[in-house]
Amino acid sequence: MSASTKLSTAVKALCYISNCYPEPKNSTDIANSIGVNASKLRKILSMLVKNDIVESSYGVKGGFLLKKDSSKLHLQEIYCAIEDRKAFYLDVRKKDVKKNSMPAKLNSYFLELFSDIQVDIEEKMKIITIKSILEKINNKK
């Protein structure tokens, strides 16, 4: 599953869980409601539990609940919980490129560019919360 798909799935699940608060929802209910595979969703929910974003309870009335207020839960935290690599993990280096040649300089240029883009993405994700997403999709201000 790609980073964007995992993040999208996690955010959909968290938005659904947030809307159902305080009633816990099991993974099958969540998967059916957001239209994803329950098995893949359970892997993502497991990562979110490990990172203290959601909590799970067992039993007939068990399920998943947000562990944090939706206004304090930002995309960067979710992304870091479910991803083990950066959004732009792009390696443009080649072993046979001579130092200070045009290809080597272009490689450095692109590495810096991708690094800057990654920082921009991460900074933007730090200000987007689950609450702000729900407000935007529900046309609230």
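Now for a look at the structure at hand. (Residues numbered from 1 in each chain as written. Predicted model: local features only at pLDDT ≥ 70, side-chain atom pairs only at ≥ 80, totals over all residues. Heavy atoms only, no water.)

## A word on the packing of aromatic side chains
Taken as a whole, this structure holds two aromatic pairs when the rule is applied. An angle of 80° between the planes, with centres 5.2 Å apart, marks the rings of Tyr-109 and Phe-110 as edge-to-face. Considering the side-chain rings of Phe-110 and Phe-114, the 5.8 Å spacing of their centres and the 35° angle between planes classify their relative orientation as tilted. With a gap of four residues between them, Phe-110 and Phe-114 both fall in helix H5 (residues 102-125), about one helical turn apart. In textbook terms, an aromatic cluster arises when at least three aromatic residues are bridged by ring pairs, as seen for Tyr-109, Phe-110 and Phe-114. (Phe/Tyr/Trp six-rings, centres within 6.5 Å; stacked < 30°, edge-to-face > 60°. Helix = DSSP H or I, 4+ residues; strand = E, 2+ residues; numbered from the N terminus.)

## Examining the side chain of Thr-129
With respect to the helices and strands, the residue Thr-129 is situated in the loop between H5 and helix H6 (130-137). Beyond its immediate chain neighbours, meaning those up to four positions away, Thr-129 contacts Ser-70, Ser-71, Leu-73 and His-74. (Contact = heavy atoms within 4.5 Å.)

## Concerning unusual backbone geometry
Backbone geometry follows two general trends: most residues other than glycine have a negative phi, and most peptide bonds adopt the trans configuration. Note that the residue after Tyr-21, namely Pro-22, is joined by a cis bond; omega there is 10°. Here Pro-22 shows up in the loop between helix H1 (3-20) and helix H2 (27-34). Despite not being glycine, Asn-100 shows a phi value in the positive range, around 65°. Tracing the backbone through its elements, the reader meets Asn-100 in the loop between helix H4 (75-82) and H5. Residue Asn-100 is classed as exposed on the basis of its relative accessible area, which comes to 59%. (Buried < 20%, exposed > 50% of the residue type's maximum accessible area, 1.4 Å probe, protein only.)

## Comments concerning the nonpolar core
One finds Leu-14, Leu-48 and Ile-78 to be the most contacted residues of the largest nonpolar core, which totals 28 residues. Only H1, H2, helix H3 (38-50), strand E2 (63-66), H4 and H6 provide two or more residues apiece to this core. The element that contributes the greatest number of residues to this core is H1, accounting for seven residues. Filtering out sequence-adjacent residues up to four positions away, Leu-14 remains in contact with Leu-48, Ile-53, Val-54, Leu-66, Leu-73, Ile-78 and Ile-130. (Core = buried A, V, L, I, M, F, W, Y, C linked by side-chain atoms within 4.5 Å.)

## With respect to the environment of Gln-76
Along the chain, Gln-76 falls in helix H4. Since its relative accessible area comes to 9%, Gln-76 is described here as buried. Residue contacts for Gln-76: discarding those within four places in its chain leaves Glu-122, Met-125 and Lys-126.

## Points about a nonpolar patch on the surface
A cluster of nonpolar side chains, contributed by Met-102, Leu-106, Tyr-109, Phe-110 and Leu-113, occupies part of the molecular surface with about 490 Å² of accessible area. Relative to the elements of secondary structure, Leu-113 occurs in helix H5. Owing to a relative accessible area of 31%, Leu-113 belongs among the partly exposed residues under this scheme. (Patch = residues over 30% accessible without salt bridge, like charges linked within 9 Å, V, L, I, M, F, W, Y side chains within 5 Å. Areas by Shrake-Rupley, 256 points an atom, 1.4 Å probe, with all protein chains shown as cover. Salt bridge = Lys/Arg side-chain N within 4 Å of Asp/Glu carboxyl O.)

## Structural notes on H5
Helix length check: H5 (24 residues) gives 34 Å between terminal C-alpha atoms against 34 Å at 1.5 Å per residue, within 8%. What H5 keeps buried is the set Ala-104, Asn-107, Phe-114, Gln-118, Glu-122 and Met-125. (Expected span 1.5 Å × (residues − 1).)

## A few points about the packing of H2 against H3
Where H2 contacts H3, the axes come no closer than 9 Å and their chain directions differ by 115°. Between H2 and H3, the interaxial angle falls into the category roughly perpendicular. As H2 packs across H3, the resulting crossing turns out to be right-handed. For the pair H2 and H3, the contacting residues are Ser-27, Thr-28, Ile-30, Ala-31 and Ile-34 in the first and Ala-38, Leu-41, Arg-42 and Leu-45 in the second. Looking at the contact of H2 with H3, its residues break down into six nonpolar, two polar and one charged. (Axes fitted to C-alpha atoms, helices over the stretch in contact; angles between N-to-C directions. Parallel < 35°, antiparallel > 145°, perpendicular 65-115°, else oblique. Left-handed = near helix turned anticlockwise from the far one by under 90°. Nonpolar A, V, L, I, M, F, W, Y, C, P; charged D, E, K, R; others polar.)

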